[in-house]
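The lines below spell out each chain.
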Amino acid sequence: MEKPTLLSGTDGVGTKLKLAFLMDKHDTVGIDCVAMCVNDVACAGGEPLFFLDYIACGKNYPEKIARIVSGVAEGCKQCGAALIGGETAEMPGFYPEDEYDLAGFAVGIADEKDMITGANLKAGDVLVGLASSGVHSNGFSLVRKVFEQEMTREGLEAYYEELGTTLGEALIAPTKIYVNALKEIKAAGVKVKACSHITGGGFYENVPRMLKDGVRAVIKKDSYPVPPIFKLLAKKGSIAEKMMYNTYNMGIGMIVAVDPAQKDQAMEAARKAGETPYLIGTVEAGEKGVDVC
């Protein structure tokens, strides 16, 4: 590297943890924790080097902590980061005995010239979206409100025909880690001009962050399939479509902007990394912002 540059990210799993408590399933939230941090690092053009986790709990049940950390380790394995340490804080009276919070911290590295800044973005560039695994780790306060009646162990174990699985399994599916996909795209010689990790705030809040002044993103809703969990959520909660796109990833977890001449290479590289890419839109001249149409 000519100018090695450190990048860092920190995040938690949020109220998705409430599902882990109800389902007594603690081996995947660690993957969520890693994903939320390293996807942000990858979004800026970095490769994660190492990760630290922080678990705060009402009571330290060693088996439960081991299950949580096994998920963190799996997430680190998926993105090639070293899990170098962490902290488990027992805080009786602050957290209920059977509850905990989980957060993480990632440090990555990039050569300054390879950082993804959006500076070279121009009208005519195309947007490639990488499929999500579901709700990922955002908007779970609303999920829990919509499925208030189902927020019991029995309710979450109910099988839904349209989901092809139980409600709990569909909701707790771990966040996808896109580090390897972005690495493959770069290795294929594709220049990623801008990148957006679709987290809380959905399309309307995250996509503008990847844009520079003078360009806007136009995303075609019918360019990819919206996963059934979002359709069920919108229908059951009577949530307006715009609010759904302003809260959730709607089936796209990461968006990369590339030159149209490199779109096929980018999509092929994403497939090679095991991801499902879609051509979801374009960059156009105009006021900085996003149109979802």
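See above for the structure.
As the structure is a computational prediction, the values presented were derived from the model and not from experiment. (Residues numbered from 1 in each chain as written. Predicted model: local features only at pLDDT ≥ 70, side-chain atom pairs only at ≥ 80, totals over all residues. Heavy atoms only, no water.)

Q: So what's going on with the overall build of the chain? Residues and values would help.
A: The helix and strand tally for the chain stands at eleven helices and twelve strands. Taking 2.2 N^0.38 as the reference for a compact globule, 293 residues should give roughly 19 Å; the C-alpha atoms of the chain span a radius of gyration of 19 Å, in line with that estimate. For the chain, the C-alpha atoms occupy an extent of roughly 55 × 45 × 30 Å along the three principal directions. Counting over 293 residues, the chain shows a buried share of 51%. Pairs at least 24 residues apart make up 87% of the contacts formed inside the chain by residues separated by at least 6 positions. Counting every atom, the chain has about 12,700 Å² of accessible surface; 52% of that belongs to carbon and sulfur. Taken as two groups, the 31 positive and 39 negative side-chain charges of the chain have centres that lie 5 Å from each other. (Helix = DSSP H or I, 4+ residues; strand = E, 2+ residues; numbered from the N terminus. Rg over C-alpha atoms; globule rule 2.2 N^0.38 Å. Buried < 20%, exposed > 50% of the residue type's maximum accessible area, 1.4 Å probe, protein only. Contact = heavy atoms within 4.5 Å. Areas by Shrake-Rupley, 256 points an atom, 1.4 Å probe, with all protein chains shown as cover. Lys, Arg positive; Asp, Glu negative; His and termini not counted. Charge placed at Lys NZ, Arg CZ, Asp CG, Glu CD.)

Q: Describe in detail the pairing of strand β11 (residues 277-285), supporting the description with residues and values.
A: Looking at chain direction, strand β5 (residues 126-131) and β11 are connected through five bridges and run antiparallel. Residue V128 lies in a different strand from β11, and its bridge partner there is L279. With five bridges connecting them, strand β9 (residues 215-219) and β11 associate as antiparallel partners. When the sheet's bridge partners are listed, I219 is paired in β11 with G281. (Pairing = 2+ DSSP bridges.)

Q: Explain the pattern of salt bridges residue by residue, including any values.
A: Tallied over the full model, the rule gives 19 salt bridges. Measuring nitrogen to oxygen at the nearest pair gives 3.1 Å for the salt bridge that ties K25 to D27. Via salt bridges that share partners, K122, D125, K193 and D259 belong to a single interconnected network. (Salt bridge = Lys/Arg side-chain N within 4 Å of Asp/Glu carboxyl O.)

Q: Give a detailed account of the nonpolar core, specifying residues and quantitative values.
A: One finds L171, F203 and I255 to be the most contacted residues of the largest nonpolar core, which totals 92 residues. Among the elements that make up this core, the one with the highest residue count is helix α2 (residues 29-43) (ten residues). Excluding residues within four positions of it along the chain, L171 makes contact with K16, L19, V135, F140, V143, M151, L156 and I229. (Core = buried A, V, L, I, M, F, W, Y, C linked by side-chain atoms within 4.5 Å.)

Q: Got a sec to walk through the side chain of T28? Specific residues and values, please.
A: Residue placement: T28 occurs in the loop between α1 (17-23) and α2. Those residues in contact with T28 that sit more than four places away from it in its chain are I172 and P174.

Q: Could you give an account of unusual backbone geometry, with specific residues and numbers?
A: Notably, H136 is not glycine yet its phi reads approximately 60°, a positive angle. By the secondary structure assignment, H136 is in the loop between β5 and α4 (140-146). Overall, the relative accessible area of 2% leaves H136 in the buried class.

Q: Mind laying out the sheet that holds β9, listing which residues take part and the relevant values?
A: Pairing within the open sheet is mixed, and its six strands lie in the order β8-β10-β5-β11-β9-β12. What marks the edges here is a single partner per strand, and that holds for β8 (194-197) and β12 (289-292). Strand-to-strand twist of the sheet, defined as the mean angle between neighbouring strand axes without regard to direction, takes the value 25°. Against the sheet, helix α11 (residues 263-272) makes contact with β5, β10 (252-258) and β11, and its axis sits at roughly 145° relative to β11, the strand it touches most. (Axes fitted to C-alpha atoms, helices over the stretch in contact; angles between N-to-C directions.)

Q: Lay out the environment of K18 with the relevant residues and their values.
A: Within the fold, K18 resides in helix α1. A C-alpha to C-alpha distance of 19 Å links K18 and A89, two positions 71 residues apart in sequence. Not counting chain neighbours up to four residues away, the residues in contact with K18 comprise E99 and R144.

Q: Break down the sheet that holds strand β1 (residues 4-12) for me, with residues and values.
A: Pairing is mixed across the open sheet formed by four strands, whose spatial order is β1-β4-β2-β3. Only two strands of the sheet have a single partner each, and these edge strands are β1 and β3 (82-90). Direction aside, the axes of adjacent strands within the sheet are offset by 15° on average. Relative to β3, strand β2 (residues 47-57) runs parallel, the two being bridged by eight bridges. Bridging from a neighbouring strand, F51 pairs with L83 of β3. Here α2 sits on the sheet in contact with β1, β2 and β4 (100-111), set at roughly 30° to β4. Sheet contacts for helix α3 (residues 62-79): β2, β3 and β4; angle to β2, the most-contacted strand, approximately 165°.

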